[in-house]
Structure formats: structure tokens, C-alpha cells
Amino acid sequence: MNHFTRLLVTTCLSASAAAFAAGDVSDYGNSSADPVLAATQAAFAKKDWAAAQNGLQQALAASPQNADYHNLYAYSIRKGHSPDMALVFKHYGEALRLNPKHRGAHEYVGEAYLMVNDATKARQHLAALDKLCFLPCEEYSDLKKAIAAYEARRKP
């Protein structure tokens with residue numbers, strides 16, 4: 001890869017990471033183009049997990065093959081009060097069945113595995129992200145930090 005191509009790739013990836021950090025709920029495109037993602041983004045910004053869950057449930061009824069909706073539905077359940085982890089894993093699993101390269105689902109399911117004290121499975125998703133990310137990506141970095149924090153808390 002020549003210097004110009006490397007610079008172009010790095011610039012594009014940095015812009016994508018900045019957009020995600022600025023509040024995009026997905027790294028799959030422009031959330032304003034999808035009213036479900038826009039509404040989910042607004043609910044997430046207010047930490048209104050119930051509103052996000054309700055909107056995503058309706059969206060999934062209409063579009064059950066949408067990996068992004070499954071991923072975000074699982075995330076909203078996981079972040080909410082008293083999460084049903086079986087339901088969380090079901091929807092992350094469905095997101096990954098529909099799109100095995102879904103970086104967000106790999107990151108979030110890895111974090112969910114840490115919630116149930118399964119660091120081995122979290123590391124498996126970190127390894128998957130390592131293969132999926134051409135250059136270090138935010139999902140990989142975030143899950144790696146979460147695993148490190150989890151392991152630091154577990155040490156006597």
C-alpha cells in the first residue's frame with residue numbers, strides 16, 4: 001500500500017470513529033437516513049432504555065432480518081434495569097448470525113459476557129474483532145479496555 005492510500009484509509013477510518021464517538025448509534029451508515037436508528041440514538045442519548053427497547057421491538061417485528069436492530073435491541077436491554085441476559089444473548093446471537101462481521105455486535109456481546117463473568121467468551125469476540133478490523137478500530141479498543149478493567153477488578 002502506497003503512502004497516499006494508507007493516508008486516505010487512515011483519514012476515512014478516523015472520520016468514521018469520530019462520527020461514532022459523536023453519538024452515532026451504529027457504524028453502518030448515517031443514522032438520520034433510518035428513522036429507527038435516529039429515534040434509538042435520541043433514546044440512548046437520554047439513557048431512556050425502555051423507549052429504545054419499545055421502538056426497536058416494533059422495528060424488529062417489521063424487519064426481523066436487520067442485524068443492526070438486533071444489536072441495538074440487545075444493547076438497550078443490557079443497559080436497562082435488571083437486564084434479561086438470555087434475551088440479550090439471543091439478540092446479539094441473531095445479529096451475528098445475520099452479519100458475522102458486525103463489529104458492534106462483537107464488541108457488545110463481549111461486554112455482555114463480562115457481565116456474566118465469562119471472560120473467555122469475551123476474549124473470543126475480541127479475537128474476532130482483531131481479525132475484522134483492518135487497522136485498530138474503536139470496537140476492538142473498547143472491548144480490550146473492558147476486558148482489562150474486568151480482569152483488574154477480579155484480581156485479589
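In this report, the structure presented in the accompanying data block is examined. (Residues numbered from 1 in each chain as written. Predicted model: local features only at pLDDT ≥ 70, side-chain atom pairs only at ≥ 80, totals over all residues. Heavy atoms only, no water.)

1. Examining the packing of helix H3 (residues 49–62) against helix H4 (residues 67–79)
1) Next: At their nearest, the axes of H3 and H4 sit 9 Å apart, and the two run at 150 degrees to each other. With respect to their mutual orientation, H3 and H4 come out roughly antiparallel. By crossing handedness, the relation of H3 to H4 is classed as left-handed. Every residue of H4 that contacts H3 at Trp49, Ala52, Gln53, Leu56, Gln57, Ala59 and Leu60 is listed here: Tyr69, His70, Leu72, Tyr73, Tyr75, Ser76, Ile77 and Lys79. (Axes fitted to C-alpha atoms, helices over the stretch in contact; angles between N-to-C directions. Helix = DSSP H or I, 4+ residues; strand = E, 2+ residues; numbered from the N terminus. Parallel < 35°, antiparallel > 145°, perpendicular 65-115°, else oblique. Left-handed = near helix turned anticlockwise from the far one by under 90°. Contact = heavy atoms within 4.5 Å.)

2. Quick word on the environment of Leu143
1) Next: Its place among the elements puts Leu143 in helix H8 (residues 138–154).
2) Next: Among the residues examined, Leu143 registers a relative accessible area of 0% and is labelled buried.
3) Next: Along the backbone, Leu143 and Glu107 are 36 residues apart, and their C-alpha atoms lie at a distance of 5.6 Å.
4) Next: Here Leu143 is in contact with His106, Glu107, Gly110, Glu111, Ala122, His125, Leu126 and Leu129, once residues within four sequence places are set aside. (Buried < 20%, exposed > 50% of the residue type's maximum accessible area, 1.4 Å probe, protein only.)

3. Points about the nonpolar core
1) Next: Val88, Tyr92 and Leu114 are the most contacted members of the largest nonpolar core, which totals 37 residues.
2) Next: Listing elements by their share of this core, those giving two or more residues are helix H2 (35–45), H3, H4, helix H5 (85–98), helix H6 (103–115), helix H7 (119–132) and H8.
3) Next: Broken down by element, this core gets its largest block of residues, 7 residues, from H4. (Core = buried A, V, L, I, M, F, W, Y, C linked by side-chain atoms within 4.5 Å.)

4. Remarks on the state of the cysteines
1) Next: Enumeration according to the criterion identifies 1 disulfide in this entry.
2) Next: One disulfide bridge connects Cys133 with Cys137, the sulfur atoms lying 1.9 Å from each other. (Disulfide = S-S within 2.5 Å.)

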